[in-house]
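# Close look at the chain arrangement
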Amino acid sequence: MLLVTSTVSVVLLVLMLVRLQVVEPRRYVQKGEGQRQIRTSLVGLRGSIVDRNGETLAMSLPARAVTADPRYVTDPQAEAAKLAPVLRIDAATIEAKLERPDTGFVYVARQLDADVGEAVEKLGLAGVYVTDESRRVTAADGLGRSVVGRMNVYGDEASYGLEKSLDSVLTGHDGLRVHERGADGATIVSSNG
């Protein structure tokens, strides 16, 4: 009896190994890669406009936006009171945006510095999110704006000037960063990038 049980166990083990290594190896490789690979989207910034001496006339800088899904905001008044000093916006204005049950998305504030975005994230408010975007700045407080041109608030459409005529050259392209992490969550350094 013991010999039959041992033989059956060995046969099952061999069949399992054949299935794992011969029949379906790619499936398990993909599953393992999915567990250890982290994919992060990178926002493509718009290119800079420079003069003939290489002085920057217009450039894009990373910025943050605070958005909300009012359906998940539990206490609009309390959350607005917490956001107001960080964003330097009147609490009543923020509260009005957080109380909109007719939509699942509102901008609370845009074109923020990274440290403001981090401060909002640390608040950990329900239904409030911080996303990446870019902010277009021009030299000399926009002194040459009639020549350089202007972008809309979303940063995706040029209005006039060099921004418009060179739009196809200046438009940034989003990227993707892929890295691996170990079982402990630490990044695995590899020569593959």
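This one's a predicted model, so the numbers in the text were calculated from it and none came from an experiment.

Basis of the calculations
The residue numbering used here restarts from 1 in each chain and proceeds along that chain's sequence as written. Since the coordinates come from a predicted model, pLDDT governs what is reported: local features require at least 70, and pairs of side-chain atoms require 80 or more to be given and counted, while whole-chain, interface and lining totals use all residues. Side-chain calculation: all heavy atoms of the structure are included, whereas hydrogens and water are not. In DSSP terms, a helix is any run of H or I states spanning at least four residues, a strand is any run of E spanning at least two, and both are numbered starting from the N terminus. Given a helix with a known number of residues, its expected span is that number minus one, times 1.5 Å. Only protein chains enter the accessibility calculation, which uses a 1.4 Å probe; a residue whose area is less than 20% of its type maximum is buried, one above 50% is exposed, and one in between is partly exposed. It is the directions from the helix axis to the C-beta atoms whose arc is reported. Any pair of residues with heavy atoms lying within 4.5 Å of one another is described as a contacting pair. A pair of Phe, Tyr and Trp rings is counted when the ring centres sit within 6.5 Å of each other, with Trp represented by its six-membered ring. The angle between the planes then sorts it: under 30 degrees is stacked, over 60 is edge-to-face, the rest tilted. For patch building, the residue pool is restricted to those with more than 30% relative accessible area and no salt bridge; the joining distance is 9 Å between like charges and 5 Å between nonpolar side chains (Val, Leu, Ile, Met, Phe, Trp, Tyr). Per-residue and other accessible areas follow the Shrake-Rupley method at a 1.4 Å probe size, with only the shown protein chains counted as cover for residues. By definition here, a salt bridge exists when the distance from a side-chain nitrogen of Lys or Arg to a carboxyl oxygen of Asp or Glu is within 4 Å. Take the buried Ala, Val, Leu, Ile, Met, Phe, Trp, Tyr and Cys residues and link them wherever side-chain atoms come within 4.5 Å; each set so joined is a nonpolar core. When DSSP finds two or more bridges between two strands, those strands count as paired. Fitting a line to C-alpha atoms yields each axis, with helices limited to the stretch in contact; the angle taken between N-to-C directions then spans 0 to 180 degrees. Orientation categories follow fixed angle ranges, with anything under 35 degrees roughly parallel, anything over 145 roughly antiparallel, 65 to 115 roughly perpendicular, and all other angles oblique. By definition, turning the near helix anticlockwise from the far helix through less than a right angle yields a left-handed crossing, and turning it clockwise yields a right-handed one. Charged residues are taken to be Asp, Glu, Lys and Arg, nonpolar residues to be Ala, Val, Leu, Ile, Met, Phe, Trp, Tyr, Cys and Pro, and polar residues to be all remaining types, Gly included.

What follows is about helix 3 (residues 76-87). The terminal C-alpha atoms of helix 3 lie 15 Å apart, and with 12 residues this matches the ideal 16 Å at 1.5 Å per residue to within 8%. Of all the positions in helix 3, only Pro76, Glu79, Ala80, Leu83, Ala84 and Leu87 are classed as buried. Seen end-on, helix 3 carries its buried residues on one side only, within an arc spanning 140 degrees. Each element contacted by the buried residues of helix 3 is listed here: strand 3 (56-68), helix 4 (91-98), strand 4 (106-112), helix 5 (114-123) and strand 5 (128-138).

The next thing to look at is the packing of aromatic side chains. Within the structure shown, the criterion is met by one aromatic pair. Here Phe105 and Tyr107 contribute two aromatic rings whose centre-to-centre distance is 5.0 Å and whose plane-to-plane angle is 80 degrees, an arrangement assigned as edge-to-face. Phe105 sits in the partly exposed class, given a relative accessible area of 43%. Looking at Tyr107, the relative accessible area reads 31%, which means it is partly exposed.

Turning next to a nonpolar patch on the surface. A surface patch of nonpolar side chains, about 460 Å² in accessible area, is lined by Val4, Val8, Val11, Leu12 and Leu15. Turning to its location among the elements, Leu15 is positioned in helix 1 (residues 2-23).

Take Val148: it is sitting in helix 6 (residues 145-148). Given a relative accessible area of 5%, Val148 falls into the buried group. Between the C-alpha atom of Val148 and that of Arg36, which follows or precedes it by 112 residues, the distance is 45 Å. When sequence neighbours within four positions are dropped, the list of residues in contact with Val148 reads Ile49, Leu57, Ala58, Thr138, Tyr160, Gly161, Leu162 and Glu163.

To continue, consider helix 5. Residues of helix 5 that are buried: Val116, Gly117 and Val120. Summarising the axial view, the buried residues of helix 5 lie within an arc of 100 degrees, below the 170-degree limit, and thus occupy one face. More than 90 degrees from the buried face of helix 5, the exposed residues found are Asp115 and Lys122. Tucked into the core, helix 5 has its buried residues touching strand 3, helix 3, strand 4 and strand 5. Where helix 5 terminates, the next one or two residues include Gly124, which has phi positive at roughly 60 degrees.

Core analysis: the largest hydrophobic core is formed by 18 residues, its most contacted members being Val66, Leu83, Leu87, Ile94, Leu98 and Val128. For Leu83, the contacting residues outside a window of four places in its chain are Ile94, Leu98, Val120, Leu123, Leu125 and Val128.

What follows covers the pairing of strand 4. Burial of strand 4 is extensive: five of the seven residues sit out of reach of the surface. Where strand 3 and strand 4 come together, four bridges link them in antiparallel fashion. Bridging across to strand 4, Thr67 finds its partner in Tyr107.

Next up on the list: the environment of Glu33. Looking at the secondary structure, you find Glu33 in helix 2 (residues 25-36). Note on Glu33: relative accessible area 24%, which makes it partly exposed. Between the C-alpha atoms of Glu33 and Glu180, which are 147 residues apart in sequence, the distance is 8.4 Å.

Following both chains from N to C, one finds helix 3 and helix 5 inclined at 160 degrees, their axes separated by 10 Å at the closest point. As judged from the angle between their axes, helix 3 and helix 5 are roughly antiparallel. Read as a crossing pair, helix 3 and helix 5 show a hand that is right-handed. Contact residues: helix 3 offers Lys82, Leu83, Val86 and Leu87, while helix 5 offers Val116, Ala119, Val120 and Leu123. Classifying every residue of the contact of helix 3 with helix 5 gives seven nonpolar, no polar and one charged.

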